[in-house]
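Examining the three-dimensional arrangement
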Amino acid sequence: MSLSFLTTGYEHVNKGGLQRLFGLGKSGRYNHISATHLGQLSFDAILSSIQVNASSTATANAILFSNTVLGIFPVGNFAGDFRQVATKKNTSPAFANMTDFGFNDRTRSILLVNTSRGPEFRVSFRDKFLDTWNATLDAQLGSQASRKGDPLMTWAAFPEGVSYLSSNQIYLQITQALNINIAWWPDYDASITYHLYLYLDGSNKLRGHCQRWSAWVEGGAKSDDVMDELWPKVVAGVSTINTKLKENLSGLSGFKDFYYLPGRQIAPTVGVGTGTTWEDVTLVFEL
Amino acid sequence: MKDKNRDYPYPQKGVRAAPDKRELRIFVQPWVHEGGSPGMPAEAMKFARRFSAVVASYPDQPELPAWVRAMVEKKVPVEDLARSLHDRLHRAPTEENQELALILANEIARMKGGAEALAAHGTPDLLARLSGTGGEDQ
């Protein structure tokens, strides 16, 4: 584990109070430090400042996640609002007081990422797949259900305890809110979710498939009836999505490696970046 | 960095607008029905193994080596522990010692006076030994 870079988190601003050290190996892409790990280090939700030391081989990134959205709703590790502190290789360390970025004592999980080891090409998940999703879903839903706005196009990074998903992988997640129209009855809320797994095949072409699918319908007298109608469409949607993925990803080939960053990061982050995981996911290809 | 020869070819949608509380309530609901693919295509499995290989977890606590246990049993000052860590890394910057250093540094940081001892001995050495040329205060 020869380290690429070392990061020091501090309990107080300006490097005060308790400190904890985290590192990422030169050959590694990610080091994921969950809320459980931070708790074991007595460092859960107390970080106020951070220093990210430069690497000699990559841009060093420490991404701090709140694990909540709107400061209220818990969403698990490596999700929700985030602040990203980055420093280019062979440069000065990046230091930031999180009080300056509205993130004091909000860090509940941390992802260390080596980026920009060489030339990269970055693509937004929303830019690439939103139109395909909307058109496909509108054609599939029929008259009884309709989309409520854009889907949430996010990631499930290192998910723990989720059936069919590995805690060592990152998945794209699309969750779509639906309005269910029932004759002579109030409308129901529902949602459908698909987890997609993307990978480079033996010819370095990007491919993908649907790994997990799920649905939710709001509670009420008609819930079971609504789910009985909706669920077969969710299952049938899997093969449609697989077909659409194949068409949609066909132009992406000739890459050495492929990984993800949270939010929309078509341009690399330098210094401190701000985002949320609901905004987008960035697909990064090493050329 | 973006490849100069590869222009961004997609219409830009911008970020998704923040969901309102009603939307969020829908988005964070636990699923009622779920299904999934129990396996993966062979090429996806191959990529998954490659991906897993570059994902590190925070090092699990290994059994402490005898020299550290001996120092702890003797209740040596934290300053001495930090200095020993420094010397050990300097003499033998092996992979095993580097991982141990990261764990020990966090343990030292918990002790009274630990942060100061690390600043004097542990942290600069860790930066020098583990972070290539990127350390400060060296």
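Rules used in this analysis
- Residues numbered from 1 in each chain as written.
- Chains lettered and ligands numbered in written order.
- Predicted model: local features only at pLDDT ≥ 70, side-chain atom pairs only at ≥ 80, totals over all residues.
- Buried ≥ 20, exposed ≤ 12 C-beta atoms within 10 Å, placed from the backbone.
- Helix = DSSP H or I, 4+ residues; strand = E, 2+ residues; numbered from the N terminus.
- Pairing = 2+ DSSP bridges.
- Expected span 1.5 Å × (residues − 1).
- Contact = placed C-beta atoms within 7 Å.
- Axes fitted to C-alpha atoms, helices over the stretch in contact; angles between N-to-C directions.

Our next topic: the pairing of strand 14 (residues 170-180) of chain A. Residue and element names in this part refer to chain A. Taken across its 11 residues, strand 14 has 10 buried, putting it largely inside the fold. Note: strand 13 (residues 152-157) against strand 14, 6 bridges, orientation antiparallel. Within the sheet, the bridge partner assigned to Leu 152 lies in strand 14 and is Thr 175. In this sheet, strand 15 (residues 188-200) lies alongside strand 14 in antiparallel orientation, the contact comprising 9 bridges. Residue pairing for strand 15: Ile 174 is matched across the bridge by Tyr 194.

This next bit is on helix 2 (residues 125-141) of chain A. Residue and element names in this part refer to chain A. Its 17 residues place the ends of helix 2 22 Å apart at the C-alpha level, agreeing with the 24 Å of an ideal helix rising 1.5 Å per residue. Turning to helix 2, its buried residues are Phe 125, Arg 126, Asp 127, Phe 129, Leu 130, Trp 133 and Leu 137. In this structure, the buried residues of helix 2 make contact with strand 11 (120-124), strand 12 (145-147), strand 13, strand 14, helix 3 (223-248) and strand 19 (281-286). Looking at the residues trailing helix 2, positive phi occurs at Gly 142, about 80°.

With respect to the element layout, Leu 137 of chain A can be found in helix 2. Once the C-alpha coordinates of Leu 137 of chain A and Arg 147 of chain A are considered, the two residues, 10 residues apart in sequence, prove to be 7.9 Å apart.

All names here are of chain A. A positive phi angle, close to 60°, is found at Asp 105, a residue other than glycine. Take Asp 105: it is sitting in the loop between strand 9 (94-97) and strand 10 (109-115). Assessed through the 13 C-beta atoms surrounding it within 10 Å, Asp 105 is described here as partly exposed. Positive phi, close to 60°, is recorded for Asn 204, a residue that is not glycine.

This next bit is on the sheet that holds strand 10 of chain A. Within the open sheet, the 6 strands sit side by side as 18(A)-8(A)-5(A)-10(A)-3(A)-2(B). Their pairing is mixed. At either margin of the open sheet sits one strand with a lone partner, and together these are strand 18 (271-276) of chain A together with strand 2 (55-57) of chain B. Pairs of neighbouring strands in the sheet enclose a mean axial angle of 20°, with direction left out of account. In terms of strand pairing, strand 5 (residues 59-65) of chain A meets strand 8 (residues 81-87) of chain A through 6 bridges, oriented antiparallel. In the strand pairing of strand 8 of chain A, Leu 64 of chain A is matched with Arg 83 of chain A.

Read these as geometric descriptors, not functional statements.
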